[in-house]
Amino acid sequence: MSPRRALHDPAVAIGTAVCLGIVLTLAVFSVTRSWDRERARLEFQREAERAGGAVERALAEGLDLLQAVGDLHGASASVSREQFRDFVHRPLAYSRGMRSLMWAPRVADGERARWEQGAGRGLGLPSEIVERAGDGRWTTAPRRPEYFPVRYLEPAAAGGLTFGSDLVSNVAVRKALGRARDAESPVVVDDGAQTSADDAELLVLLPVYRAPLRLRTAEERRDALVGYVAGVLRVGDIIESALVADSSPLRVRLARAPHDTIDPLVWRKPMHLGAETWSLQIAASSAYLNAHAGRRSWVVIPVGMLLTAGLAGALALELRRRRVLAQAAARLEIEMVERRRIAAA
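Residues numbered from 1 in each chain as written. Predicted model: local features only at pLDDT ≥ 70, side-chain atom pairs only at ≥ 80, totals over all residues. Heavy atoms only, no water.

Points about the confidence of the model for the protein
Note that predicted coordinates carrying low pLDDT should not be read in detail. For the protein, per-residue confidence averages 78 on the pLDDT scale, and residues scoring 70 or more make up 79% of the total. Averaged pLDDT values for the elements of the protein fall to 48 in strand 8 (residues 195–196) and rise to 94 in strand 5 (residues 146–147). Confidence drops under pLDDT 50 across residues 194–198; counting only partners more than four residues distant or on other chains, this segment forms 18 contacts. (pLDDT = per-residue confidence, 0-100. Helix = DSSP H or I, 4+ residues; strand = E, 2+ residues; numbered from the N terminus. Contact = heavy atoms within 4.5 Å.)

Here's what the structure looks like:
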């Protein structure tokens, strides 16, 4: 059968029309889907920038609170427990991410006995400098050249610490103490893991020096160091308070080091936390994409199928009409031939 005759075959013609309809439907679906995804990407970028700015402001507020407590200890030779509690109580209640604040003075090994005798006197608190053992229990800290035991902690027993716990006993914290001291700036303790929005807590350390010295070298800073103010920032609370309701499907994470991978649905911004730079990353979750991708593209398929079915039906009716007309014309021609033959006879 020639191609021209094949097109006159009803089955071939209808099949061809259906195939063309399906191809056109899929093409329109692909184009519309791309438009929906691009619109979702642009909406995500706007939402991420707004959410990222809110998270950044919340973190800055937490660092400002930490700096204020550091200024309190730097400006006064002695801050009582009551003064510390009164100073931090209201800011902690309204903070969007700071879960606890503590003061850890510098205690030389030669001053340990005197510090342990007087630090918890009359308060019903432990009178030892302690550290957490491998089994999780608190045990007496071994002798070291110097200690940074927690003396004030609000609220009590927050951040997994307790009165007298030595910050130096943790390797990651000890390294961060040195970095903060030499940089004269807040430092976030880096445990080598990425920080997620679900359960992560950031321990931020701020060195406090004897005032009013102007410290120019790392050696001067080490000599003038009197202790550390530390704060526990809960990332999940910061993000929960910062994100607006319609941004909840976004996944927010603080990473210690930025990633070079380019992803149009991951928004990144470097964040300066004290002396170090972290990466704030906001990714579009599947729930966000489902909510913002739109359904216009999916409407194309049933509409296209209905149009294709309608076209196929109309074509079938037209072909049937033509077949009927052709049959009628053939009968008429036969009848006319027969009449001419009779008339000629």
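Description of the side chain of aspartate 166
By the secondary structure assignment, aspartate 166 is in the loop between strand 6 (152–154) and helix 5 (171–183). Overall, aspartate 166 belongs to the buried group, its relative accessible area being 3%. Among the polar contacts listed, one links the side chain of aspartate 166 to the side chain of arginine 144, at a separation of 2.7 Å. Ignoring any residue separated from it by four or fewer positions in sequence, one finds aspartate 166 in contact with Ile129, Val130, Arg144, Tyr147, Phe148 and Pro149. (Buried < 20%, exposed > 50% of the residue type's maximum accessible area, 1.4 Å probe, protein only. Polar contact = N/O pair within 3.5 Å; in protein donor to acceptor, adjacent residues only side chain to side chain.)

Examining the pairing of strand 1 (residues 98–105)
Counting buried positions over the eight residues of strand 1 gives seven, a clear majority of the element. Both strand 1 and strand 10 (residues 225–234) contribute to a ladder of seven bridges, which runs antiparallel. Across the sheet, the residue bridging to serine 100 is valine 232, located in strand 10. Direction of pairing for strand 1 relative to strand 6: antiparallel, over a ladder of three bridges. Looking across to strand 6, one finds that tryptophan 103 is bridged to tyrosine 152. (Pairing = 2+ DSSP bridges.)

Structural notes on the environment of tryptophan 267
One can find tryptophan 267 in strand 12 (residues 266–273). Its relative accessible area of 11% is what places tryptophan 267 among the buried residues. What tryptophan 267 contacts, discounting residues up to four positions off in sequence, is Phe44, Gln45, Ala48, Glu49, Gly52, Leu280, Gln281 and Ile282.

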